[in-house]
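Each chain is listed here by its residues.
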Amino acid sequence: MEDLEIARACALYADDKKAENIRILDLRGLSPISDYFVLCTALSTPQLRAVRDEIIERMKEEHATAPSVKDGNFESQWIILVYGSVMVHILTPEKREYYALEELWGDAPELALTVEKPAPEPKAKKTPAKKAAAKKAPAKRAAKKKAD
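The numbering scheme is per chain: residues are counted from 1 as the chain's sequence reads. In view of the model being predicted, local features appear only for residues whose pLDDT reaches at least 70, and side-chain atom pairs are presented and counted only at 80 or more, with totals across whole chains, interfaces and linings using the full set of residues. Heavy atoms throughout the structure, all of them, feed into the side-chain values; hydrogens and water do not.

Chemist: I'm lost on the overall build of the protein chain in this one. Help?
Modeler: Helix and strand assignments follow DSSP, with helices taken as H or I runs no shorter than four residues and strands as E runs no shorter than two, numbered in order from the N terminus. In terms of helices and strands, the protein chain carries 5 helices and 6 strands. Mapped from its N terminus to its C terminus, the protein chain presents α and β elements in the order α-β-β-α-β-β-β-α-α-β-α. A 1.4 Å probe rolled over the protein chains alone gives each residue an accessible area, and that area as a share of the maximum for its type sets the label: buried under 20%, exposed over 50%, partly exposed in between. Residue burial in the protein chain is summarised as follows: out of 148 residues, 35% are buried. Residue exposure ignores everything except the shown protein chains as possible cover, and the areas themselves are Shrake-Rupley values with a 1.4 Å probe. Here the protein chain displays about 10,100 Å² of accessible surface, and carbon together with sulfur accounts for 53% of that area.

In C-alpha cells, the structure reads:
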C-alpha cells in the first residue's frame, strides 16, 4: 500500500468517527521525518479515543498494518500515529489552534481526501428528426409560388 493511500485511508477512518477539519498535507521534499501529515480535530476526549481506535483497528483489519509509533495520551489532547512515512495527528480544537501545524507547514500542498473518479460522460439523447417540418416548409413555398 502506498503512503498516499495510507494517508487517505486514515483520513476516511477519522471521518467515520466524525472527526472535523480533516486535511492531508504533502510534506515530500519539505520534511525529513514524514511524507504526509493527516490532521484532524476531535471535539472531546471520548472522540479522541474513538478516532484513534478506529484508525488503528481498521488499518489492522483492512490493511494488516499497525502503527510503528503511538504517541500522546488523552490528557495531552494530541495523539500521533505513524504508519511508515504517514503521520496522523488527532488533536482537540484548542491544541490544533495552539500548535498551528497547518501554518508551520504552510508550504505543504493540501491533497484531496479521496480520489475523484471522473464523471461519466453524458450519453447523447436521441432526438427525433424533424423531417416532417422540413418537408412542409418547401411545400408551403411551392403552394405560395403557385398562388402568385
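Chemist: Please clarify how the sheet that holds strand β4 (residues 78-83) should be interpreted in this entry.
Modeler: Hydrogen bonds between backbone atoms are what pair the strands of a sheet, whose relative direction is either parallel or antiparallel. The pairing criterion is simple: DSSP has to find at least two bridges between the two strands. The mixed open sheet is built from 6 strands, whose spatial order is β3-β4-β5-β2-β1-β6. A single partner strand is all that each edge strand has here, and the edge strands are β3 (69-71) and β6 (110-111). The sheet contact formed by strand β1 (residues 20-26) and β6 spans 2 bridges and is antiparallel. From the neighbouring strand, Ile24 faces β6, where its bridge partner is Leu111. Relative to β4, helix α2 (residues 45-63) is tilted by about 10°, and along the sheet it contacts β2 (36-41), β3, β4 and β5 (86-91). Whether two residues are in contact is decided by their heavy atoms: any pair within 4.5 Å suffices. Note on definitions: angles span 0 to 180 degrees between N-to-C directions of axes, and those axes are lines fitted to C-alpha atoms, for helices only across the stretch in contact.

Chemist: Whenever I open this one, the packing of helix α1 (residues 3-16) against α2 confuses me. Can you help?
Modeler: Think of two packed helices as two axes; the pair is described by the angle between the axes and how far apart they sit. Put simply, α1 and α2 touch, their axes get as near as 9 Å, and they point 130° apart. When the axes of α1 and α2 are compared, the pair comes out oblique. Our pair here, α1 against α2, has a crossing hand that is right-handed. For the pair α1 and α2, the contacting residues are Ile6, Ala9, Cys10, Tyr13, Ala14 and Asp16 in the first and Val51, Glu54, Ile55, Arg58, Met59, Glu62 and His63 in the second. For this scheme, ten residues count as nonpolar: Ala, Val, Leu, Ile, Met, Phe, Trp, Tyr, Cys and Pro. Four count as charged, namely Asp, Glu, Lys and Arg, and the remainder, Gly too, count as polar. Partitioned by chemical class, the residues of the contact of α1 with α2 number 8 nonpolar, 1 polar and 4 charged. Put simply, angles under 35 degrees are roughly parallel, angles over 145 are roughly antiparallel, angles from 65 to 115 are roughly perpendicular, and the rest are oblique. Should the near helix be turned anticlockwise from the far one by less than a right angle, the crossing is left-handed, and should it be turned clockwise, the crossing is right-handed.

Chemist: Teacher, can you tell me more about the packing of aromatic side chains here?
Modeler: Any pair of aromatic rings gets described here by the distance separating the centres and the angle formed by the planes. Between 30 and 60 degrees the pair is tilted, below 30 it is stacked and above 60 it is edge-to-face, where a pair is any two Phe, Tyr or Trp rings, Trp via its six-membered ring, whose centres lie within 6.5 Å. Under the criterion given, the structure shown has 3 aromatic pairs. Pairing Trp78 with Tyr99 gives two aromatic rings, centres 4.7 Å apart and planes at 45°, and the pair type is tilted. In this pair, Trp78 is assigned in strand β4 and Tyr99 in helix α3 (residues 93-99), connecting sequence segments 21 residues apart. Between Tyr98 and Tyr99, the aromatic rings sit 4.9 Å apart at their centres with planes inclined by 90°, giving edge-to-face as the arrangement. By relative accessible area, Tyr98 is classed as exposed at 64%.

Chemist: I keep staring at the pattern of salt bridges and nothing clicks. Help me out?
Modeler: If the charged atoms of two oppositely charged side chains come close together, the side chains can form a pair. For salt bridges, the criterion is a side-chain nitrogen of Lys or Arg within 4 Å of an Asp or Glu carboxyl oxygen. Counted by the stated rule, this structure contains 8 salt bridges. The salt bridge involving Asp16 is made with Arg58; its shortest N-O contact spans 2.7 Å. Remark: Arg58 occurs in helix α2 and Asp16 occurs in helix α1; sequence separation between them is 42 residues. When the shortest N-O distance is used, the salt bridge between Glu102 and Arg23 registers 3.6 Å. Residue Glu102 is located in helix α4 (residues 101-104), and its partner Arg23 is located in strand β1; the two are separated by 79 residues in the primary sequence.

Chemist: I keep staring at the nonpolar core and nothing clicks. Help me out?
Modeler: Most often, soluble globular proteins keep nonpolar side chains buried together rather than apart. Buried Ala, Val, Leu, Ile, Met, Phe, Trp, Tyr and Cys residues form a nonpolar core when they are joined through side-chain atoms within 4.5 Å. In this structure, Ile55, Met59, Leu81, Tyr83, Val88 and Ile90 are the most contacted members of the largest nonpolar core, which totals 26 residues. Within the residue set of this core, elements represented by two or more residues are α1, β1, β2, α2, β4 and β5. Residue contributions to this core peak at 7 residues, all from α1. Sequence-distant contacts of Val88, defined by excluding residues within four places in its chain, comprise Cys10, Val38, Ile55, Ile79, Ile80 and Leu81.

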